[in-house]
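# Results of the structural survey
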Amino acid sequence: MQNMEVDQMQRQYLDYIKSLFLEGFLDGQFLQLQQLQDENNPDFVVEVVSLFFEDSERLLNDLTFALDQKGIDFKKVDAHVHQLKGSSSSIGAQRVKNCCIAFRNFCEEQNIDECLSCLQQVKQEYCHVKNKLETLIRLEQQIVAAGGSIPTMEFSF
């Protein structure tokens with residue numbers, strides 16, 4: 001019989017993750033990631049999310065550098081945006097992915113002002129989703145530390 005504290009943490013966790021879906025931070029891909037995590041691979045989601053953070057930081061730095069050059073290589077910019085889109089797609093970071101879609105269109109048009117604007121937007125959305133995911137992981141760790149199990153989402157979109 002688990003204690004009330006764990007029950008409360010699990011409810012808080014489910015409410016929080018539900019809000020991330022309702023606000024468009026995450027999509028169904030994140031739930032699929034969670035389903036791949038089991039007792040043989042208990043840190044799977046944390047590892048995938050950490051890789052996403054590393055990739056994103058590197059790509060955002062590369063993008064900032066590429067857009068800061070005198071003669072901008074839009075093919076290179078587009079390649080970085082394409083990678084970021086794939087990376088955000090794979091963990092379900094929906095808002096980042098959507099920014100990347102718009103960003104790629106402006107790369108195609110070679111529209112420097114819109115590309116710079118998209119870069120700021122992507123950075124902002126990335127910071128938001130990074131904070132949200134870090135909070136989610138902290139909640140998971142607190143539940144496990146208290147002897148509970150991570151509740152799974154039971155709703156469809």
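Residues numbered from 1 in each chain as written. Predicted model: local features only at pLDDT ≥ 70, side-chain atom pairs only at ≥ 80, totals over all residues. Heavy atoms only, no water.

This part covers the overall build of the protein. When you go through the protein residue by residue, the secondary structure sums to 6 helices and 0 strands. Mapped from its N terminus to its C terminus, the protein presents α and β elements in the order α-α-α-α-α-α. Over its C-alpha atoms, taken along the principal directions, the protein stretches across nearly 65 × 25 × 20 Å. Looking at the protein as a whole, 38% of its 157 residues qualify as buried. Accessible surface computed for the protein: about 9,200 Å², of which carbon and sulfur atoms make up 48%. Where the 14 positive side-chain charges of the protein centre and where its 24 negative ones centre are 5 Å apart. (Helix = DSSP H or I, 4+ residues; strand = E, 2+ residues; numbered from the N terminus. Buried < 20%, exposed > 50% of the residue type's maximum accessible area, 1.4 Å probe, protein only. Areas by Shrake-Rupley, 256 points an atom, 1.4 Å probe, with all protein chains shown as cover. Lys, Arg positive; Asp, Glu negative; His and termini not counted. Charge placed at Lys NZ, Arg CZ, Asp CG, Glu CD.)

We now examine the UniProt feature "domain: HPt" (unreviewed entry) in the protein. UniProt records the feature "domain: HPt" (unreviewed entry) for residues 41-136 in the present numbering. A helix fraction of 84% and a strand fraction of 0% characterise residues 41-136, whose end C-alpha atoms lie 18 Å from each other. (UniProt positions renumbered as here; feature names shortened; annotations may be inferred.)

Any aromatic ring pair is given by two values, namely how distant the centres are and how the planes are angled relative to each other. If you walk through the whole model with that rule in mind, you get 3 aromatic pairs. Taking the centre distance of 6.1 Å and the plane angle of 45° together, the rings of F52 and F53 count as tilted. Each member of the pair, F52 together with F53, is buried. For F52, a relative accessible area of 2% gives the class buried. In textbook terms, an aromatic cluster arises when at least three aromatic residues are bridged by ring pairs, as seen for F52, F53 and Y126. (Phe/Tyr/Trp six-rings, centres within 6.5 Å; stacked < 30°, edge-to-face > 60°.)

A separate point is the pattern of salt bridges. Applying the stated criterion across every chain yields a total of 7 salt bridges. A salt bridge links E57 to K130; the shortest N-O distance between them is 3.9 Å. In this pair, E57 is assigned in helix α3 (residues 44-66) and K130 in helix α6 (residues 112-145), connecting sequence segments 73 residues apart. Of the charged contacts in the structure, one is a salt bridge between K130 and E134, with a shortest N-O distance of 3.3 Å. Here K130 pairs with E134, and both are found in helix α6, just 4 residues apart, close to one helical turn. Classification of E134 as partly exposed rests on a relative accessible area of 29%. Among the ionic contacts, a cluster of salt bridges with common partners joins D55, R58 and D62. (Salt bridge = Lys/Arg side-chain N within 4 Å of Asp/Glu carboxyl O.)

For Q34, the position within the fold is in helix α2 (residues 28-36). Filtering out sequence-adjacent residues up to four positions away, Q34 remains in contact with Y13, I17, V45, E140 and M153. (Contact = heavy atoms within 4.5 Å.)

Right, let's talk about the nonpolar core for a bit. Among the nonpolar cores identified, the biggest contains 46 residues, and F30, V77, L84, F103, V129, L133 and L136 are the most heavily contacted of them. Listed by contribution, the elements that provide at least two residues to this core are α1 (4-22), α2, α3, α4 (74-91), α5 (94-108) and α6. The element contributing the most residues to this core is α6, with 11 residues. Among residues more than four places away in sequence, those in contact with F30 are I17, F21, V45, V49, I91, G92, L133 and L136. (Core = buried A, V, L, I, M, F, W, Y, C linked by side-chain atoms within 4.5 Å.)

This part covers the packing of α1 against α2. For the pair α1 and α2, the least separation of the axes is 10 Å and the interaxial angle reads 140°. Regarding the angle of α1 to α2, the classification is oblique. Where α1 approaches α2, its residues Y13, I17 and F21 are matched on the opposing element by G28, F30, L31 and Q34. (Axes fitted to C-alpha atoms, helices over the stretch in contact; angles between N-to-C directions. Parallel < 35°, antiparallel > 145°, perpendicular 65-115°, else oblique.)

Along its 19 residues, α1 runs 27 Å from first to last C-alpha, staying within 8% of the 27 Å computed at 1.5 Å per residue. When α1 is considered as a whole, its buried residues turn out to be V6, M9, Q10, Y13, Y16, I17, L20 and F21. The buried side chains of α1 occupy one side of the element, clustering within an arc of 140° when seen end-on. Opposite its buried face, α1 presents the exposed residues M4, Q8, R11, D15 and L22, each directed more than 90 degrees away. Contact partners of the buried residues in α1: α2 and α6. Immediately downstream of α1, the backbone of G24 shows phi near 80°, a positive value. (Expected span 1.5 Å × (residues − 1). Arc of directions from axis to C-beta.)

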